[in-house]
Amino acid sequence: MTQKELLYLDDAICHEQNIISIVEDIIDNLEDEDLVSFMEEELEDHNTMLEKLINLLKEKANEWSITNG
């Protein structure tokens with residue numbers, strides 16, 4: 001993975017963290033239970049994506065470490 005690709009991955013991780021923070025704030029300020037439920041599903045989706053991105057970054061870091069030992 002190139003340096004540019006790693007930077008893109010880092011940006012995607014930061015983007016997901018920002019979205020998660022925004023969605024959490026929205027949930028805290030909603031009163032409609034249907035909207036809260038919908039936003040909690042969105043939050044779960046973004047947390048899943050964040051985990052996938054972090055795992056990919058760790059995987060690539062491990063590959064780089066093994067290759068460049």
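Fair warning: this is a prediction, and the values are worked out from it, not measured in the lab. (Residues numbered from 1 in each chain as written. Predicted model: local features only at pLDDT ≥ 70, side-chain atom pairs only at ≥ 80, totals over all residues. Heavy atoms only, no water.)

A. Focus on the overall build of the chain. Within the chain, the regular secondary structure consists of 2 helices and 0 strands. Computed over its C-alpha atoms, the radius of gyration of the chain comes to 16 Å, more than 25% above the 11 Å expected for a compact globule of 69 residues. Projected onto its principal axes, the C-alpha positions of the chain cover 55 × 15 × 10 Å. A fraction of 62% describes how many contacts in the chain between residues 6 or more apart in sequence connect residues 24 or more apart. Accessible surface for the chain amounts to roughly 5,500 Å². Of this, 51% is attributable to carbon and sulfur atoms. (Helix = DSSP H or I, 4+ residues; strand = E, 2+ residues; numbered from the N terminus. Rg over C-alpha atoms; globule rule 2.2 N^0.38 Å. Contact = heavy atoms within 4.5 Å. Areas by Shrake-Rupley, 256 points an atom, 1.4 Å probe, with all protein chains shown as cover.)

B. Main features of the nonpolar core. One finds L9, A12, I13, I19, I20, V23, I27, V36, M39, L43, L50 and L53 forming the largest nonpolar core, which totals 12 residues. Looking at this core, the elements with two or more residues in it are α1 (3–29) and α2 (33–68). Residue contributions to this core peak at 7 residues, all from α1. (Core = buried A, V, L, I, M, F, W, Y, C linked by side-chain atoms within 4.5 Å. Buried < 20%, exposed > 50% of the residue type's maximum accessible area, 1.4 Å probe, protein only.)

C. Quick peek at the environment of D32. Structurally, D32 is set in the loop between α1 and α2. For D32 and W64, which are 32 residues apart along the polypeptide, the C-alpha to C-alpha distance reads 48 Å. Looking at D32, its side chain comes within polar contact range of the main-chain nitrogen of D34, at 2.7 Å. Separated by 3.1 Å, the side chain of D32 and the backbone nitrogen of L35 make a polar contact. (Polar contact = N/O pair within 3.5 Å; in protein donor to acceptor, adjacent residues only side chain to side chain.)

D. Focus on the environment of H46. Relative to the helices and strands, H46 resides in helix α2. Separated by 23 residues in sequence, H46 and V23 have C-alpha atoms that sit 9.3 Å apart. Beyond its immediate sequence surroundings of up to four residues, H46 is in contact with E16, I19 and I20.

E. A look at the side chain of E16. Here E16 is to be found in helix α1. No salt bridge is formed by the buried E16; the nearest opposite charge belongs to K52, separated by 11 Å. (Lys, Arg positive; Asp, Glu negative; His and termini not counted. Salt bridge = Lys/Arg side-chain N within 4 Å of Asp/Glu carboxyl O.)

F. Summary view of a negative patch on the surface. On the surface, D32, E33, D34, E40, E41, E44 and D45 cluster together into a negatively charged patch. Taking relative accessible area as the criterion, D32 reaches 38% and is therefore assigned partly exposed. (Patch = residues over 30% accessible without salt bridge, like charges linked within 9 Å, V, L, I, M, F, W, Y side chains within 5 Å. Charge placed at Lys NZ, Arg CZ, Asp CG, Glu CD.)

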